[in-house]
Amino acid sequence: MTCDLYDFPIVALSRRQFIWQAAASSVGVATTKLHEGEWSYLLHAQSPDSSTGTFGPFRHGVASGDPLTDRVVLWTRVTSNESPSTGIDVEWRIATDPSMDAVAARGNVRAASEHDFTVKVDVGDLRPGRTYYYAFYAGAQRSPIGRTKTLPAADAARARLALLCCSNYPSGFFNVYRCVANRADLDAVVHVGDYIYEFENGRYGDGAGPLRIPEPRREAVSLSDYRIRYATYRSDPDLQEAHRQHPFIAVWDDHELTNDAWSGGASNHNPEQGEGDWPTRQAAAYRAYLEWMPIREAPGAGIHLYRSFRFGSLLDLIMLDTRGLRDRQANDPAAFVDPKRTMLGAAQEAWLFDELRSSQRAGTAWRFLGQQVLFARVTPPGWPVLSSDLWDGYQAARDRVLDFLANESVRDVAVLSGDLHSSWALDIARDPWRQYQPATGEGSMAVELLAPAISSPPLFATPSMRERAPLLRTFLPHLKFLDGDNRGYVLIDLTPKQIQADWYHVPTVLERTDGEARAASFVCEKGSSRLVPA
Ligand SMILES: [Fe+2]
């Protein structure tokens with residue numbers, strides 16, 4: 001979502017509403033004890049080359065992603081002064097021990113200029129539920145040793161995920177990435193986008209934070225621009241460490257393209273300012289995203305980021321792209337309910353329904369939809385839509401999903417969201433004002449967990465926005481938790497019987513720190529489709 005949205009239209013308030021506002025209260029913070037989790041080896045930070053301060057040619061670190069039970073994608077980039085047109089030979093190794101002695105597989109790959117000297121290897125024949133270590137070698141130089149983990153086999157008893165989004169480089173330090181890196185026991189990091197921001201230096205997120213200048217200093221428009229922007233972000237040591245410690249499962253939001261993107265354009269795409277045609281820019285952004293992210297690429301042409309991950313009988317994590325394939329944002333109330341408008345595109349929507357149906361029929365305990373924008377209805381009856389970029393602006397598309405859940409008896413669904421630079425926990429009801437009981441959760445069909453920003457400016461940072469948080473708490477009966485002031489992430493623990501979501505916030509992004517504190521904790525018991533304080 002957008003920096004413009006930070007001004008989503010304020011609703012005219014009656015005097016009485018203001019009085020209600022004063023009476024509104026937030027959900028209390030629960031204080032159950034932390035999970036210990038299943039510990040695996042935590043690698044200690046490794047010493048870079050003392051002469052250069054970097055790992056030789058591997059100065060953008062290593063990463064892994066898209067784990068399956070038998071395979072995982074490994075990533076690195078080779079930086080060379082020569083950048084030969086023939087490419088640079090790289091060896092990769094994956095091992096079962098952190099000292100890389102017990103090598104399970106190895107191979108060679110070429111870092112080529114047509115992929116910006118990034119390298120991706122989809123390593124197969126691995127064992128399920130195992131921690132692996134990996135490194136790349138170029139000449140006499142070795143990359144940092146990364147750690148990754150395959151998805152569990154069918155009998156998985158628990159899993160732990162971190163939900164992240166919205167890391168704006170000029171806004172502040174990536175302390176949230178550091179906190180996530182410090183956790184030894186994550187199965188995967190789920191990143192729902194705004195991994196980079198396209199804006200030119202000084203346009204957004206600057207001024208209040210430390211001096212962190214995103215290269216190129218102009219707005220990212222071309223393939224070269226996007227590549228350089230990713231390189232800037234991936235130079236950050238805290239982001240590098242998060243990638244080195246955990247596999248990522250990522251999808252983009254709008255700022256990997258440009259603000260408020262949709263399938264045919266974006267509010268921040270301006271051909272009249274020399275930014276060219278949209279298909280060219282979109283293809284450039286997509287190509288750079290695939291080059292720089294540890295994502296398993298779908299065959300065929302065209303944007304295709306939706307894909308799913310099965311954590312045994314515990315979870316089907318269904319990752320959706322609600323950005324690259326959607327119809328244009330509307331301003332007309334008739335358009336919000338127009339059944340012809342789509343958030344997912346026809347192919348992805350059909351795929352989603354197939355995934356949900358087969359997951360429910362397989363008896364998988366939980367279904368998570370990892371996606372970008374707030375799904376639950378947050379516009380009270382009679383109010384103007386708060387933001388047409390959210391699912392509230394695509395109500396017919398949302399109704400199709402809810403109809404499917406109801407008609408096919410698909411239960412135990414959690415929507416994982418980001419984009420809003422604030423922390424939200426909600427029950428998802430078709431009509432929270434008429435078909436939902438706040439006291440019991442009756443009428444709720446699923447739950448939603450929305451992660452705050454890693455560093456981007458908080459949604460409720462301005463005085464006018466700050467006034468809205470208590471109003472939303474008052475007028476949204478299905479809203480369980482809302483914090484609009486802090487950066488952080490959501491830690492999600494699953495067992496066959498329940499999920500627990502803990503919102504962790506960091507104290508600052510103005511200096512580097514790995515401090516954090518739990519701000520809220522909710523559980524959803526299997527079969528309940530509702531959140532209650534832990
Ligand atoms: Fe964002």
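For the structure, see preceding data.
None of the values given here were measured: they were computed from a predicted structure. (Residues numbered from 1 in each chain as written. Predicted model: local features only at pLDDT ≥ 70, side-chain atom pairs only at ≥ 80, totals over all residues. Heavy atoms only, no water.)

A.B. asks: I tried to follow the coordination of the iron ion on my own but got confused; where do I start?
C.D. replies: A metal bound by six donors in octahedral fashion has ideal angles of 90 or 180 degrees, whereas one bound by four tetrahedral donors has an ideal angle of 109.5 degrees. At 2.0 to 2.5 Å from the iron ion lie its protein donor atoms, namely Cys166 (SG), Asp194 (OD), Tyr197 (OH) and His421 (NE2). Taken together, the 4 donor atoms coordinating the iron ion and their angles of 87 to 166° define a geometry best described as irregular. A residue is classified by how much of its surface remains accessible, and Asp194, at 0% relative accessible area, is buried. Relative accessible area serves as the criterion here: at 2%, Tyr197 is assigned to the buried category. (Donors = N, O, S within 2.8 Å, 3.2 Å for Na, K, Ca; no water. Tetrahedral: all angles 85-135°; square planar, octahedral: opposite > 155°, others 65-115°. Buried < 20%, exposed > 50% of the residue type's maximum accessible area, 1.4 Å probe, protein only.)

A.B. asks: Just to check I follow, could you spell out helix α8 (residues 395–407) for this structure?
C.D. replies: Across its 13 residues, α8 extends 18 Å between first and last C-alpha, which sits within 8% of the 18 Å expected from 1.5 Å per residue. Ala396, Ala397, Arg398, Val401, Leu402, Phe404 and Leu405 are the residues of α8 that are buried. If you follow the buried residues of α8, they end up packed against α6 (333–336), α7 (346–362), β17 (413–417), β18 (423–429) and β19 (444–450). Looking one or two residues past α8, Ser409 carries a phi angle of roughly 55°, positive in sign. (Helix = DSSP H or I, 4+ residues; strand = E, 2+ residues; numbered from the N terminus. Expected span 1.5 Å × (residues − 1). Contact = heavy atoms within 4.5 Å.)

A.B. asks: Help me out: how do you make sense of the sheet that holds strand β20 (residues 479–483) in this one?
C.D. replies: What links the strands of a sheet is backbone hydrogen bonding, and the strands pair in either a parallel or an antiparallel sense. In spatial order, the strands read β14-β15-β16-β17-β19-β18-β20; together these 7 strands make up an open sheet with mixed pairing. Of all the strands in the sheet, the pair left with one neighbour each is β14 (307–311) and β20. For this sheet the average axis-to-axis angle between neighbouring strands, irrespective of direction, equals 20°. Contacting β18 and β20, helix α10 (residues 468–475) runs over the sheet at an angle of about 175° to β20. (Pairing = 2+ DSSP bridges. Axes fitted to C-alpha atoms, helices over the stretch in contact; angles between N-to-C directions.)

A.B. asks: What is the right way to look at the pattern of salt bridges in this model?
C.D. replies: One side chain can pair with another of opposite charge once the charged atoms of both are near each other. Going through the model one piece at a time under the given rule, you end up with 40 salt bridges. Of the charged contacts, one joins Asp253 and Arg323 as a salt bridge, the two residues approaching to 2.9 Å between their closest N and O atoms. With a gap of 70 residues between them, Asp253 in the loop between β11 (247–250) and β12 (261–262) and Arg323 in the loop between β15 (315–319) and α6 connect regions that are remote in the sequence. The burial state of Asp253 is the same as that of Arg323; both residues are buried. Close ionic contact of Asp389 with Arg326 constitutes a salt bridge, the shortest N to O distance being 3.0 Å. Remark: Arg326 occurs in the loop between β15 and α6 and Asp389 occurs in the loop between β16 (366–370) and α8; sequence separation between them is 63 residues. The burial state of Asp389 is the same as that of Arg326; both residues are buried. Taken together, the shared-partner salt bridges connect Glu200, Arg203, Glu219, Glu275 and Arg281 into one network. (Salt bridge = Lys/Arg side-chain N within 4 Å of Asp/Glu carboxyl O.)

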